[in-house]
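Remarks on the overall topology
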Amino acid sequence: MKYLIVKMFRDMKAMIYQFYAILLMAFVGVAIYTGLEGAWHGLEAGLDNYFAMTGVADAWAVADGFSDEEARRISRLPGVSAAEREMVGYLDIKSPGVSGDPELRLAVCAGGNAHQPFLVTEGADFDGKSDGLWLDADFAGAKSLWPGDSLTVSMNGRRTNMRIMGLVLAPEYVCYLGSQDDIIPDHDKYAFGYANEHYAAEIFGAFRPNKLNIYYSEGADEGAIREGIDQVIKGRTSFFMNHGLNASIKSTRVKISQMFKISLLFSSIFVLLALLTIVTTMKRIVSAQRIQIGTLAALGTRGSVILAHYSLYGFIVSLLGAVLGLLLGPAVLSEVLLGIQLKIYSIPFAGRRLTWLSALLVVLIVGLCTLAAALASRGGLKAMPAESLRNSSAGNVRYRRAKGEGMSSGAVVSFEWRWIFRELSKNLVRFLMGVAGVVGCVTLIMASLGLQDSANYANDFLYSQVYTYRYKLNIDRYFDTGKARGDFAQLLEEDEALFNAGARHMGGRVSVMEEDGFVSLYDAKGRRMSLADHEGVMSHMLARTLGVKAGDEVAVRCQGAEDELRVRVTGISNNPAPQGLFLHRDVWEGLGMDFLPTAVLTSDEALAGRLGADPSVSRVLSVDDQSRNVKKLLDSFTVLFNLLILAAITMGWVVLYNLGLLSYSERGLIYATLKVLGFRRLEVTSLAYRENAFITVLGLLLGVPAGLSFLRLYVGLVSADNFEWPVKLNDSSFVASLALTAVCAVFVNYVIAGKINGVRMAESLKALE
Amino acid sequence: MISFENVTKRYQMGKEAVKALDGVSFSIERGSFTVVLGPSGSGKSTALNLLGGMDAPSSGVIDVDGKKINALGPRALTDYRRRDVGFIFQFYNLIPSLNVFENVAIAAKLGGNAVSPLEMLAEVGLSERRAHFPIELSGGEMQRVAIARALCKNPKLLLCDEPTGALDSKTGTRVLALLKRMSKEQGKTVVVVTHNTLIARMANRVIRLKDGTVDEVADNSRDLDVDEVDW
């Protein structure tokens, strides 16, 4: 056995490129999966840990007030373990040294609350007595604020100085979007904070809790709890929100789920191709050693020992590659991805983390590779030793005999192509493997570029065709709407709502307008829709989730509204965002609702500037800012996509180069013979060129539909609930995905051609003896 | 007329230089049947490879009908192999994925003065087997395909490296008879490298090599036909 191990290592050295290809594919397959899993599972586990370590509520109810008695009655509902009150209000930060008049969402906790829904990262522990502010740590970081510093906050002209007691992070604000127009947190403009009940009077004038943190006990029935709350606060408006409806938590979960889907989709292609490469290469390597297998058998070596010997080839190389992937994937890829994501999501305990699936993948790759090697050598062992010694596998293939001589001067298919087709049919698995490699390469590049195109297109479409305003001004109920009438401005009411259709429900937004104006809706065919022609227009993703078609009726419960509305959907629009329902003011008022604008849209810079100074305008957003925010989010994916493109090219290169090498090693004698016959260099290499070109072109042709289908699937999976990405592949991306793959194939051709040119006739032919 | 003048071929084996041929000189008449004899390692295959333009000598001059083979560049050497030389190998070196006809036709495509592959197959008695693949043929048949492939380019020189080495004696004699006939009837210069001394009796000239040098060059007073040799 000792000498067999020596033989194995020398064989590996002699066939270093083939083993290197196996190692690399095993490495890439495992590294991509574990790298992505390390990041998404790290975020998920960190988030779960974060939730477990803090007293984050299971659900929240928002109303215009909760008395102590009401809170007590709700806490006694079946399935509820506690119901704790908070007063939430918004303040402007007007401190010297803190630029931009940021907004502070201050939650004042009732004195008797047993749960602390946040984590103190710096400064004093939270208590019910100390007057002061426990401030959002991310905002403090952005503004260089520390415990002990003071902040001046203002509400309705009333200013208060608050001493920062500590810095906090809260799961409820894991991705805190201060405005419903933002899609990523802006720690420069929005902050949250906590204070105790005693402080409420000083800031707000009185403690008037308007939010209830609800904690479930085991076996809680959420539907029953919601009904119970409605009964307790009968006659008053309330809005119920669980983790699935909390925008901050939901967007984080969605992102984790997106990363999980990307990891599964991309790595499954890598792993599949890695396995195919491994199987093909091992079969070839062991087949090439058929005579040695016969020799060993003739010497009396037991079949099981020979089997174990060749199985070890597959085992050692794949184990090395897989373990390297397991070590480097999480250490490099996960860390890079986590670094990017943690700039958006505030998860204090997130670190790379793997599941048992990673270990299973390593076992699967190593096991299959070992099995491939064992099966290949088993074929050799089946024959009697003399038979193995007599025949080399390459010459034993039977070709189908054609009628006549098979080639004449007028033959439709030239000798070169006949030869290529027969070689391909001889090595059908290898041929299919080559095509799969090209298809995989095109598909992955196309999907990576297409996803970016889709996201960018959605962003451009949304902010240039759907929203044609330049400025959006968020207004409160005291705003004089008369100032915003005219050709250059439009009033818009936006309300968060819960939509129900049968058993399905989903959160979204109701947008009410007086005219189409600065918000244009388009149907699936890209035709402009006018709200005046419809009762209700629903965005496509919401309609799909709810199973709603034009003509169906949906139930709508707006945040803060008393009654549920029933609206007939008469049109479906392809707007990427917001996902929700668009209604004309007349329809809205016909439903018994008041039109209470929450925003003014305008294209007039002067008007925006003038209205911006109005105290009832809380924020002026430019469409460029909104577009930039979306771009920021998309940029967080760029590193991932670039890494995946790089991995796809590496995979394409390894697959094609490996196949080229396998063919070259098998055909060395044929190339030498052709040279001896007088074939010129180019004539010999053109055989390899043509074969590779055939595989590449076929792969590219199949790769186009595969890539587009994969892109469709991919875009569908990663689109968030509140932002639907249409499938889009720019011409340049289409060409680039084909060109990158083709360049990869051409470069492989070039390298293999160099090897063919280097075939030494005398030595190659002598090697046969 | 072929001549080797003081031809040396050195190979570098690790740090050691090995001389496969050491100052070899001999000549071969045009249209003759010449046998190069010698034990393993004597340099006979190296000499054949140099003569066929498959390898370059380290020093010395190889002249084939006035053409200095040793001085030819890669392209000219390819042209030389393409037009002037036909090779026959011990293990036939047929292309497994081409059938009999195609294996011959592939060579015919190259020579400007090529003979029809079908004619050539008829010549070697394999017309009926033209659609078969190499794996379906016996050793003798494969060697006959290889001869047809070498001859269909209509080369001046037919170089045969142990052409009967992998064949039984009966089949081997048939192959030799064919080569001899080609030499006599078509005026081809046939050079056969072998360690089988019996074949030497069929030759016009016998060149014996030993340890990379010429041991003896002898002309037979009468070259025997295959049937006359006591195999």
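Further up the page is the structure itself.
For the structure given in this document, a descriptive report is provided here. Since the model is a prediction, treat every value here as computed from it, not as a measurement. (Residues numbered from 1 in each chain as written. Chains lettered and ligands numbered in written order. Predicted model: local features only at pLDDT ≥ 70, side-chain atom pairs only at ≥ 80, totals over all residues. Heavy atoms only, no water.)

**A short note on the overall build of chain A**
For the record, the criterion: Helix numbers and strand numbers start at the N terminus; a helix is a DSSP run of H or I with at least 4 residues, a strand a run of E with at least 2. A 1.4 Å probe rolled over the protein chains alone gives each residue an accessible area, and that area as a share of the maximum for its type sets the label: buried under 20%, exposed over 50%, partly exposed in between. Here a residue-residue contact requires only that any non-hydrogen atoms of the pair lie within 4.5 Å. Shrake-Rupley sampling with a 1.4 Å probe provides the accessible areas, and residues are treated as covered by the protein chains on show and by no other component. Only four residue types enter the tally: Lys and Arg on the positive side, Asp and Glu on the negative side, with His and both chain ends excluded. Note that the charge is assigned to NZ on lysines, CZ on arginines, CG on aspartates and CD on glutamates.
Regarding its fold elements, chain A presents 20 helices and 22 strands. With respect to the three principal axes, the spread of C-alpha positions in chain A is 100 × 60 × 50 Å. For chain A, buried positions account for 56% of its 769 residues. Sequence separation of at least 24 residues holds for 82% of the intrachain contacts in chain A that already meet a minimum separation of 6. Only carbon and sulfur atoms are counted for the fraction: they give 56% of the accessible area of chain A, which is about 32100 Å². One finds the centroid of the 74 positive side-chain charges in chain A at a distance of 16 Å from the centroid of its 75 negative side-chain charges.

**Digging into the overall build of chain B**
Applicable threshold: Radius of gyration: C-alpha atoms only; globule rule: 2.2 Å multiplied by the number of residues to the exponent 0.38.
The number of helices and strands found in chain B is 6 helices and 10 strands. The C-alpha atoms of chain B give 17 Å as radius of gyration, which agrees with the globular expectation for 231 residues (17 Å, within 12%). Per-residue burial for chain B yields a buried fraction of 57% across its 231 residues. For chain B, contacts bridging at least 24 residues in sequence account for 71% of all contacts bridging at least 6. Approximately 9200 Å² of chain B is accessible, and the part contributed by carbon and sulfur atoms is 45%. The distance from the centre of the 30 positive side-chain charges to the centre of the 28 negative ones in chain B is 5 Å.

**What about empty space enclosed by the protein?**
Inclusion rule: Points on a 1 Å grid over protein atoms alone make up a cavity when a 1.4 Å probe fits among them but cannot get out, and a pocket when they form an open set with protein on both sides within 12 Å along at least five of seven lines; lining residues each have an atom within 4 Å of a point. Grid points are joined across faces, edges and corners, and a volume is the space filled by probe spheres set on the points. Polar here means any residue other than Ala, Val, Leu, Ile, Met, Phe, Trp, Tyr, Cys and Pro, which are nonpolar, and Asp, Glu, Lys and Arg, which are charged; Gly is therefore polar.
Tallying each qualifying case throughout the model produces 3 cavities of 30 Å³ or more. Roughly 230 Å³ of volume is contained in the largest cavity. Looking at the largest cavity, it is lined by 20 residues, and the ones nearest its centre are A:L659, A:G660, A:S663, A:E691 and A:I695. Elements with a contribution of two residues or more to the lining of the largest cavity: α12 (415-426), α13 (428-466), α17 (623-677), α18 (681-718) and α19 (731-757) of chain A. The element best represented in the lining of the largest cavity is α17(A), accounting for 7 residues. Here the residues of the lining of the largest cavity are counted per class, giving 10 nonpolar, 6 polar and 4 charged. Taken as a whole, the second largest cavity encloses approximately 50 Å³ of empty space. Elements with a minimum of two residues in the lining of the second largest cavity: β2 (16-28), α1 (44-51) and β8 (189-194) of chain B. It is α1(B) that contributes the most residues to the lining of the second largest cavity, 4 residues altogether. Taken together, the residues of the lining of the second largest cavity sort by class into 9 nonpolar, no polar and 1 charged.

**Side note on the sheet that holds β2(B)**
Residue and element names in this part refer to chain B. Basically, it comes down to this: At least two bridges found by DSSP between two strands are what make those strands a pair. The angle between two axes is taken between their N-to-C directions and runs from 0 to 180 degrees, where each axis is a line fitted to C-alpha atoms and a helix contributes only its stretch in contact.
Pairing is antiparallel across the open sheet formed by 4 strands, whose spatial order is β2-β1-β4-β5. This sheet does not close on itself; its edge strands, each paired only once, are β2 and β5 (67-68). Bridge count between strand β4 (residues 59-64) and β5: 2 bridges; the pairing is antiparallel. Bridge assignment links V64 to a residue of β5, and that residue is K67. Seen against the sheet, α1 touches β1 (2-13), β2 and β4 and runs at an angle of roughly 115° to β1.

**Describing helix α5 (residues 197-204) of chain A**
All names here are of chain A. Test applied: Working definition: the arc comes from the directions between the helix axis and the C-beta atoms, pointing outward to the latter.
Within α5 the residues assigned to the buried category are Y199, A200, I203 and F204. Viewed along the axis of α5, the buried residues span an arc of 115°, placing them on a single side of the element. Summarising the contacts, the buried residues of α5 are in contact with β2 (80-93), β3 (103-109), β6 (150-155), β7 (158-169) and β8 (190-196). One or two steps after α5, the chain reaches G205, where phi turns positive at roughly 95°.

Spatial relationships are all this shows, so hold off on functional conclusions.
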